[in-house]
Amino acid sequence: MKFMNDKKIRLIVTTCILTLVLIIGVITSVNFLKFRNYNTEFVVREDVVGKIYKFSEFSKHLKGDVADSNIYEIQGTDNTVAIVKKDKLANYNKIDNIKGLSVCGVDGSSQYDAAKDVFTSNINVLATANDVYENVKSGTYEVGILSYKEAITLINNDQNENVDISDAIVEKVPSLLLIGGTHPNEPSGQLAATVVLENAKVKRGILYVITELNRSAYSYSQPQEGTTWYYHLKTKNGNTRTFKYGSRATNTVDQWPTPDVYTHSSGQQLSSSEVRNINRAYPGNEEGTYTEQIAWVVTNFVNQKDVTMVIDLHEASPEYLTINQCVYHQDAADIWSQMKINGFRYYNPEADKTQKLNMPADQSPLNMHGLTHREVGDYTNAYVFLFETSNASQGKIRGAFTEDLIKYSAPDKFYEALVKYDEEHDTSNIYGAPVEISERVARHVLSFESVITGFNKIKTTRVVTQTGRDNVGDGGVYVGEMILEEGTVPSYYDLIKYGVGNYLLDID
């Protein structure tokens, strides 16, 4: 009888344990599913962001997929554009298709002057931008030449909406693609891109922003690291913005199996996990692995849009050698030279003087393939840069993984002890001391502005004579300066002083 009772008790205990395990498994699965499907919200200013491209427009297999992220376009208000009737947009998407059409513009405007060098036929003179719009709308003229600000304002104010801006490039202007979210465990890259997206206004040029390059890697956390899934920031008005903390690599749900050795298209061999690291997958391949398809978005987009500059924002552990510095493609060396002289400057009102941020740099290694600064630099006309900041949550010396560690809003005692040890013993265990997230974002935003400063000094664009590595030719064209509207991008000092949350807009 005792044996039977013991057996019954063991059966009940085992059943309870299995039931508890099942409940925990179900709850965990539901939470992970919510995490995978959670969409981080970004504020799109309708008066500033002109177009939103989907990744699938540049890598077809991603359509409708978790990786089908956004590329936001901010046109310069002074850019010269052509307006046409919407039903003609597909036909008039290139400048050669509209050169022989009837054209009107406003005499004396810089846009009229720019268009005169492009159109073979005369540009008919009208008194105002509204006159140009109404004449295109009525069909009196087939093409109207306006500034982007004039065109988008008139289009947005017109309820009929039968006129739109053509893709035809009337005046070549410089452009910049800012990439955040390459690695979702490197949060300052995404936050810096978000700050630029939600604050910057462009006077001349085109700014493209990616806030989540690898959404698949945002869909799960780092295995066995016990990472926090979300972190939160308060806006100026006290509202909460929620961001995901993901993994360095593409989710295995989306890309499987993982080979024993990853062989890049160049023949370079790397460890197996790097097959899901998007920053080892460039130039990408539309028919390749899932990660290569996402990388192909960048290369294909840069080529299709003839992007002038590309900036890839990253972070690394404090003990990583390449930290708090820039890596650039060799053909961007002239820009880097100007950045060293004229860039990384900010005004400090407390000291009442302009100060300069220290920014070491390395050229991209010729034999290290798969990275943006190597492959996008080789396979496109763009000048390519990558920036790193120091992120304690990526390190191995850290203590408990908490939201405070991600933001470094409270010091980690282990890192602080090692920084102190390095100072006292003149050692280099830490190459970049951990800092609060606002300072990391500030470094990235100042670096973004400094690339533009350097480009404006060299006065030329880059030309790759044919696709392939190390095949760069002369023949760059002067396309004028890229100009941000003054005061729209927060300064290095202000981001640190007031915090990154102060420059994040409220979600409606």
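Criteria and thresholds
- Residues numbered from 1 in each chain as written.
- Predicted model: local features only at pLDDT ≥ 70, side-chain atom pairs only at ≥ 80, totals over all residues.
- Heavy atoms only, no water.
- Salt bridge = Lys/Arg side-chain N within 4 Å of Asp/Glu carboxyl O.
- Buried < 20%, exposed > 50% of the residue type's maximum accessible area, 1.4 Å probe, protein only.
- Helix = DSSP H or I, 4+ residues; strand = E, 2+ residues; numbered from the N terminus.
- Pairing = 2+ DSSP bridges.
- Right-handed = clockwise from strand over helix to strand, strands pointing away.
- Patch = residues over 30% accessible without salt bridge, like charges linked within 9 Å, V, L, I, M, F, W, Y side chains within 5 Å.
- Areas by Shrake-Rupley, 256 points an atom, 1.4 Å probe, with all protein chains shown as cover.
- Core = buried A, V, L, I, M, F, W, Y, C linked by side-chain atoms within 4.5 Å.
- Contact = heavy atoms within 4.5 Å.
- Expected span 1.5 Å × (residues − 1).
- Polar contact = N/O pair within 3.5 Å; in protein donor to acceptor, adjacent residues only side chain to side chain.
- Domains from an automatic or database assignment.
- pLDDT = per-residue confidence, 0-100.
- Axes fitted to C-alpha atoms, helices over the stretch in contact; angles between N-to-C directions.

Engineer: Can you walk me through the pattern of salt bridges in this structure?
Structural biologist: Oppositely charged side chains can form a pair if their charged atoms are brought close together. What the rule picks out here adds up to 20 salt bridges. Its salt-bridge partner being Glu-212, residue Arg-215 comes within 3.1 Å of it at the nearest N-O pair. Note on Glu-212: relative accessible area 4%, which makes it buried. Ionic pairing is found between Asp-378 and Arg-374, a salt bridge with its closest N-O pair at 2.9 Å. One end of the pair is Asp-378 and the other is Arg-374, both in helix H8 (residues 372-379) and four residues apart, which spans about a single turn. Looking at Arg-374, the relative accessible area reads 1%, which means it is buried. Salt bridges here are not isolated pairs; linked through shared partners, they connect Glu-225, Lys-396 and Arg-398.

Engineer: Just to check I follow, could you spell out the pairing of strand E5 (residues 123-126) for this structure?
Structural biologist: Working note: regular strand, side chains alternate between the two faces of the sheet. Of the pairings in the sheet, the one linking strand E4 (residues 103-106) to E5 comprises four bridges and is parallel in character. Among the inter-strand pairings, Gly-105 is bridged to a residue of E5, identified as Val-125. Where the polypeptide runs from E4 across helix H2 (residues 110-116) and back to E5, its parallel neighbour, the crossover connection is right-handed.

Engineer: Got a minute to help me understand a nonpolar patch on the surface in this structure?
Structural biologist: A surface patch of nonpolar side chains, amounting to about 360 Å² of accessible area, comprises Ile-9, Val-13, Ile-17 and Val-21. Judged by its relative accessible area of 51%, Val-21 is exposed.

Engineer: Which parts of the structure should I look at to understand the nonpolar core?
Structural biologist: Nonpolar side chains tend toward joint burial in soluble globular proteins. Ranked by size, the top nonpolar core spans 66 residues in total, and within it Leu-176, Leu-207, Phe-385, Phe-387, Val-441 and Phe-448 carry the most contacts. The biggest single contributor to this core is helix H11 (residues 437-458), with 10 residues. Setting aside its immediate chain neighbours within four residues, Phe-448 contacts Leu-176, Leu-178, Val-196, Leu-207, Ile-311, Leu-484 and Val-489. Residues Leu-177, Leu-213, Val-302 and Ala-382 belong to the second largest nonpolar core, which totals 31 residues.

Engineer: So what exactly am I meant to see when it comes to unusual backbone geometry here?
Structural biologist: Glycine aside, residues mostly have negative phi, and peptide bonds are mostly found in the trans state. Here Trp-256 and Pro-257 are connected by a cis peptide whose omega angle stands at 0°. Residue placement: Pro-257 occurs in the loop between strand E12 (240-244) and strand E13 (261-263). In the segment running from Tyr-282 into Pro-283, the intervening peptide bond is cis, with an omega of 5°. Inspection of the secondary structure puts Pro-283 in the loop between strand E14 (269-271) and helix H6 (290-304). You will see that Asp-306, though not glycine, has its phi angle at about 50°, which is positive.

Engineer: It is not clear to me how H11 should be interpreted in this structure. Could you clarify?
Structural biologist: An α-helix turns once every 3.6 residues. As a result, residues three or four positions apart point the same way. The end-to-end C-alpha distance of H11, which contains 22 residues, comes to 32 Å, matching closely the 32 Å that a straight helix rising 1.5 Å per residue would cover. Burial within H11 is extensive, with 18 of its 22 residues counted as buried. A side-chain oxygen of the first residue of H11 lies 2.8 Å from the backbone nitrogen of Ser-438; this N-cap is Glu-436. Note on H11: the residue one or two positions beyond its end, Lys-459, has a positive phi of about 60°.

Engineer: Would you mind going over the domain arrangement of the protein with me for this structure?
Structural biologist: By a frequent convention, interface size equals the accessible area lost on bringing the separate parts together. Split by domain assignment, the protein resolves into domain 1 (49-75 + 172-503) and domain 2 (80-165). The C-alpha-based centres of domain 1 and domain 2 are spaced at 37 Å.

Engineer: Can you help me understand the confidence of the model for the protein in this one?
Structural biologist: Close inspection of predicted coordinates is inappropriate in any region flagged by low pLDDT. For the protein, per-residue confidence averages 93 on the pLDDT scale, and residues scoring 70 or more make up 97% of the total. Note that pLDDT drops below 50 for residues 466-473; the model gives that stretch 21 contacts with residues more than four away or on any other chain.

Engineer: For this particular structure, what's the right way to read the pairing of strand E20 (residues 383-390)?
Structural biologist: With eight of eight residues buried, E20 lies mostly within the body of the structure. Pairing between strand E15 (residues 309-316) and E20: eight bridges, direction parallel. Paired with Ala-316 across the bridge in E20 is Ser-390. Sheet analysis places strand E16 (residues 326-328) next to E20, joined by three bridges and oriented antiparallel. The partner of Tyr-328 across the bridge, within E20, is Phe-385.

Engineer: Honestly, the sheet that holds E4 in this entry has me stumped. Any pointers?
Structural biologist: Strand pairing in a sheet relies on backbone hydrogen bonds, with the paired strands running either antiparallel or parallel. Across the sheet, five strands lie side by side as E5-E4-E6-E3-E7; this open sheet has mixed pairing. Sheet topology places E5 and strand E7 (163-165) at the edges, where each strand pairs with a single neighbour. If you compare each strand with its neighbour and ignore which way they point, the axes differ by 35° on average. Relative to strand E6 (residues 143-147), E4 is paired through three bridges, and the arrangement is parallel. Bridge assignment links Val-103 to a residue of E6, and that residue is Val-143. Strands in contact with helix H4 (residues 148-157) are strand E3 (80-85), E6 and E7; relative to E6, the strand with the most contacts, it is inclined by about 115°.

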